[in-house]
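Each chain, written out:
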Amino acid sequence: MAEKTLQLEVVTPEQTVVSEAVDIVMAPGYFGEFGALPNHIPFLAQLQPGEVKYRIGGQLEYLAVSGGYAEVLPTKVTILATTAEHAKDIDLERARAARERAEQRLKERQEEMDFLRAEAALQRAIARIRAAERAKL
Ligand code: ATP
């Protein structure tokens, strides 16, 4: 029989952030956002910094992730993320301060390596700000 829910596991090197049966998962793939419903064909995707959204019943939940990998199987989605925070756990002021620091570094345009690091920090901060602000709506 076709499954009606998916087991979602969101894991970071520090902890398991989500382990729940959900109706649908949306994730920020490297080539664009994708959705996974129960019984999806298996695939692997690289993730970019952004929001992971999932629905349980009528409730939409938001997480900020800073990149990683997703394994989609018919009954299970596993997200291995460098960092992941539930929207409600995000410190908005910290994320705004991180965004400002990164923007400042990008303006200063130092060496290539600093540029890439600052760009990555900016993307992480933007993902956190978006997820935290969305959860407030
Ligand atoms: P910062 O410069 O503020 O430390 P960062 O992007 O360098 O930001 P990370 O290295 O991505 O931070 O994350 C380090 C740890 O702090 C991770 O456990 C991450 O989940 C957590 N974290 C980072 N920013 C926030 C935030 N704004 N709110 C809550 N937790 C955060």
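Above this text you will find the structure in question.
All of these numbers come straight from a predicted model, not from anything done at the bench.

### Digging into helix α1 (residues 92-108)
Here is step 1: The end-to-end C-alpha separation of α1 is 24 Å, in line with the 24 Å expected for 17 residues at 1.5 Å each.
Here is step 2: Those residues of α1 not exposed but buried are L92, A95, A98, A102 and L106. The buried residues of α1 all sit within an arc of 120° when viewed along its axis, so they share a single face. For α1, exposure combined with an orientation more than 90 degrees from the buried face picks out E93, R94, E100 and K107.
Here is step 3: For α1, the N-terminal cap is D91; the gap from its side-chain oxygen to the backbone nitrogen of E93 is 3.2 Å.
Here is step 4: Two residues or fewer after α1 comes R109, characterised by a positive phi angle close to 45°.

### Brief notes about the side chain of T12
Here is step 1: Structurally, T12 is set in the loop between β1 (6-11) and β2 (16-22).
Here is step 2: Excluding anything up to four places from it in sequence, T12 contacts V17, A81, T82, T83 and A84.

### Points about the site of the ligand
Here is step 1: Close contacts around the ligand come from E14, T83, E85, D89, I90, D91, R94, A95, A98, R101, R124 and R128, and that covers them all.
Here is step 2: A distance of 2.7 Å is found between an oxygen atom of the ligand and a side-chain nitrogen or oxygen belonging to R124.
Here is step 3: About the coverage of the ligand: the protein hides 70% of its 600 Å² of free accessible area.
Here is step 4: Those elements giving two or more residues to the shell around the ligand turn out to be α1 and α2 (112-136).
Here is step 5: Ranked by the residues each element gives to the shell around the ligand, the list is headed by α1, at 4 residues.
Here is step 6: Partitioned by chemical class, the residues of the shell around the ligand number 3 nonpolar, 1 polar and 8 charged.
Here is step 7: Each of domain 1 (6-87) and domain 2 (91-135) accounts for three or more of the residues forming the shell around the ligand.

How each quantity is defined
Residues numbered from 1 in each chain as written. Predicted model: local features only at pLDDT ≥ 70, side-chain atom pairs only at ≥ 80, totals over all residues. Heavy atoms only, no water. Helix = DSSP H or I, 4+ residues; strand = E, 2+ residues; numbered from the N terminus. Expected span 1.5 Å × (residues − 1). Buried < 20%, exposed > 50% of the residue type's maximum accessible area, 1.4 Å probe, protein only. Arc of directions from axis to C-beta. Polar contact = N/O pair within 3.5 Å; in protein donor to acceptor, adjacent residues only side chain to side chain. Contact = heavy atoms within 4.5 Å. Near = heavy atom within 4 Å. Areas by Shrake-Rupley, 256 points an atom, 1.4 Å probe, with all protein chains shown as cover. Nonpolar A, V, L, I, M, F, W, Y, C, P; charged D, E, K, R; others polar. Domains from an automatic or database assignment.

Purely geometric numbers; function is a separate question.
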